[in-house]
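Examination of the molecular architecture
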Amino acid sequence: MTDRSTRLPTEAEIAAINAQHLIRTPLKPADLLFVFGTRVDVRERVDEAVRLWRDGYFRCSVVSGGITPGSARSECEIIADAMIARGIPPGRILREDRAMNTGENVIFSLPVIDAALGLAHVRSVICLGNTWTARRYPMTLHRHWPEVEKMLVTVDSFATPRSLWHTDPEFRRRMLCEWDKIEPYKAKGFIAEWPVR
């Protein structure tokens, strides 16, 4: 297997990733902001959640993520507490603190959302996560909750523009790692094609 930290993607692969993976969706106010947990770029994710709240893009959010090795607090707790400290009302944040991967983020959060809001009352969701994971967030959500409209917002702390991800060794490594997961995950039924073409 090729080492993703050293391999250089082809021009065709760069074009495919830019077109198919780094999807930008039109953004409009949604019923729910789904904040996927992370250990990296937490500040950027919280900044974006706060911006979306202040600009009126969601009325409720769910933050999902368990305790990762080396931390005493769950990703959910760290992110949700930071969102509250920045002015988002605690009552507008649902919490899921067991998930250890993107599939569990969705699977474990759906009952939390259903109990608090009723899944039938949620018609649109903004997925918020890392740039390099990109469409895998809404693809995972689409696998388990196809009825809801999905939008995607991604953040990162790289100085490199997203379209030039391949020029930064670490950005490239992360992007290729995620890109390589898409087809195997689809084959295993972990994710579903999104947007539906």
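Just so you know, these numbers come straight off a predicted model, no measurement behind them. (Residues numbered from 1 in each chain as written. Predicted model: local features only at pLDDT ≥ 70, side-chain atom pairs only at ≥ 80, totals over all residues. Heavy atoms only, no water.)

**Digging into the state of the cysteines**
The final tally for this structure, using the stated rule, is zero disulfides. C60 supplies the cysteine sulfur nearest to C76, a cysteine that is in no disulfide, at a spacing of 12 Å. Overall, C76 belongs to the buried group, its relative accessible area being 1%. (Disulfide = S-S within 2.5 Å. Buried < 20%, exposed > 50% of the residue type's maximum accessible area, 1.4 Å probe, protein only.)

**Section: the layout of surface pockets**
Put simply, the largest pocket is a space of about 720 Å³. Forming the walls of the largest pocket are 31 residues, and the residues nearest its centre are N101, T102, R136, E178 and K181. Elements represented by at least two residues in the lining of the largest pocket include exactly helix 4 (102-116), helix 5 (136-144) and helix 6 (169-188). In terms of residues, the lining of the largest pocket owes the most to one element, helix 6, which gives six residues. Looking at the lining of the largest pocket, its residues break down into ten nonpolar, 14 polar and seven charged. Broken down by secondary-structure element, the contributors of at least two residues to the lining of the second largest pocket are helix 1 (11-21) and strand 5 (149-155). Considering each element in turn, the lining of the second largest pocket owes the most residues, three residues, to strand 5. Looking at the lining of the second largest pocket residue by residue, the classes come out as six nonpolar, six polar and two charged. (1 Å grid on protein atoms, 1.4 Å probe; cavity = no way out; pocket = protein on both sides within 12 Å on 5 of 7 lines; lining within 4 Å. Points joined across faces, edges and corners; volume = space filled by probe spheres on them. Helix = DSSP H or I, 4+ residues; strand = E, 2+ residues; numbered from the N terminus. Nonpolar A, V, L, I, M, F, W, Y, C, P; charged D, E, K, R; others polar.)

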